[in-house]
Amino acid sequence: MRKNIVAGNWKMNKNLQEGVALATELKELLASEKPNCEVIIGTPFIHLATVAELLKDSVIKVSAENCADKASGAYTGEVSAEMVKSTGATYCILGHSERRMYYGETYEILKEKTLLALANGLKPIFCIGELKEEREAGKQNEVVKAQLEGSVFNLSAEEFSKVVLAYEPVWAIGTGLTATSDQAEEIHAYIRSLIAEKYGEEIAENTTILYGGSCKGSNAKELFSKPNVDGGLIGGASLKANDFKEIIDAF
Ligand code: PEP
């Protein structure tokens, strides 16, 4: 059975002290009431070691938001997958549309990052999703197919079974616009059918596919009620413990 997951993506928000305060608040909120899904928080690199230590006895897992496409060496300012793993983080968000858009991350770069994350024992949360113009032109299926084929369908079945996918329509990220639950279900089912074609039914059934894009307490329950929507990747609403908890409570 696949896991349901609610994962936060703090993006470039919260200094170290603020991040520690948020993680502490969330840990306390979830200690008294065990969640019915896996809970992950994705934090900036500088928070990882401290937050992973803080959460080591809690139900909350820690994720990086990125890693380098090189293993090690003279790449000033970069952070390798091995370094991420050494902090105690267990997941790594890859392929977020902001990284594709602002940092020129291509299919090829993301293929390298995914391989390095897996080789270092990190589980990728791999993001895919179409732009507004692509949705308007009815090209969303084509886009997500190319993103999967370009960066993750090269993986072995064993490697792919460690990947969590996040479908995030770019037009819904941080805009307040959300895909309807039917739109999400339709494309999640399509993504699962592509996985089945490539890796077989069993792996497809076991792959967690998250929805991301203005998911919040008020719409999470409806989105997560769909059979192919296995949780959410949450940006804005992961920055306040109570807002994030409301989404977790949708399960
Ligand atoms: C995201 O960036 O992954 C995201 C889904 O953001 P938001 O929830 O703010 O739309």
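Cut-offs used in this document
Residues numbered from 1 in each chain as written. Predicted model: local features only at pLDDT ≥ 70, side-chain atom pairs only at ≥ 80, totals over all residues. Heavy atoms only, no water. Axes fitted to C-alpha atoms, helices over the stretch in contact; angles between N-to-C directions. Helix = DSSP H or I, 4+ residues; strand = E, 2+ residues; numbered from the N terminus. Parallel < 35°, antiparallel > 145°, perpendicular 65-115°, else oblique. Left-handed = near helix turned anticlockwise from the far one by under 90°. Contact = heavy atoms within 4.5 Å. Nonpolar A, V, L, I, M, F, W, Y, C, P; charged D, E, K, R; others polar. Near = heavy atom within 4 Å. Polar contact = N/O pair within 3.5 Å; in protein donor to acceptor, adjacent residues only side chain to side chain. Areas by Shrake-Rupley, 256 points an atom, 1.4 Å probe, with all protein chains shown as cover. Buried < 20%, exposed > 50% of the residue type's maximum accessible area, 1.4 Å probe, protein only. Pairing = 2+ DSSP bridges. Core = buried A, V, L, I, M, F, W, Y, C linked by side-chain atoms within 4.5 Å. Salt bridge = Lys/Arg side-chain N within 4 Å of Asp/Glu carboxyl O.

Draft legend 1. Expanded view of the packing of helix H7 (residues 140-151) against helix H9 (residues 181-199). The geometry of H7 relative to H9 is characterised by a closest axis approach of 11 Å and an angle of 40° between their N-to-C directions. Between H7 and H9, the angle falls in the class oblique. Classified by chirality, the crossing of H9 by H7 is right-handed. Contacts from Gln140, Asn141, Val144, Lys145 and Leu148 of H7 reach H9 at Ile187, Tyr190, Ile191 and Leu194. Residues belonging to the contact of H7 with H9 are distributed by class as follows: six nonpolar, two polar and one charged.

Draft legend 2. Examining the site of the ligand more closely. Lining the immediate environment of the ligand, one finds 14 residues, of which Lys11, His96, Glu168, Gly174 and Ser214 sit closest. One of the backbone N or O atoms of Gly235 is found 2.9 Å from an oxygen atom in the ligand. Gly236 has a polar backbone atom sitting 2.8 Å from an oxygen atom of the ligand. Look at the ligand: alone it shows 290 Å² of surface, and the protein chains cover 95% of it. Per-class residue counts for the shell around the ligand are four nonpolar, eight polar and two charged.

Draft legend 3. Structural view of the pairing of strand E7 (residues 209-212). Here E7 shows a buried face lined by Ile209 and Tyr211 and a second buried face lined by Leu210 and Gly212. Relative to E7, strand E6 (residues 164-167) runs parallel, the two sharing three bridges. Pairing of Tyr167 across the sheet is with Tyr211, part of E7. Bridging between E7 and strand E8 (residues 231-234) involves two bridges; their strand directions are parallel. Each bridged residue has a counterpart across the sheet, and for Gly212 the counterpart in E8 is Leu233.

Draft legend 4. Just the nonpolar core, in detail. Counting 64 residues, the largest nonpolar core has Ile41, Phe160, Leu165, Ile191, Ile195, Tyr211 and Phe224 as the members making the most contacts within it. In terms of residue count, the dominant contributor to this core is H9 (seven residues). Setting aside chain neighbours within four positions, we find Phe160 in contact with Val152, Phe153, Leu155, Leu165, Ile195, Tyr199, Ile203 and Thr207. Counting residues in each nonpolar core, the second largest holds 11 residues, with Ile40, Ile125, Val164 and Ala166 among its members.

Draft legend 5. Quick peek at the pattern of salt bridges. Across all of its chains, the model carries 17 salt bridges by this definition. Of the charged contacts in the structure, one is a salt bridge between Lys11 and Glu98, with a shortest N-O distance of 2.7 Å. Here Lys11, found in the loop between strand E1 (5-9) and helix H1 (16-32), pairs with Glu98, found in helix H4 (residues 97-102); they are 87 residues apart in sequence, far enough to count as distant. Note on Glu98: relative accessible area 22%, which makes it partly exposed. Residues Asp69 and Lys70 are paired through a salt bridge, measuring 3.4 Å at the closest nitrogen-oxygen approach. Overlapping salt bridges, with partners in common, bring together Arg2, Arg192, Glu205 and Asp230 in one network.

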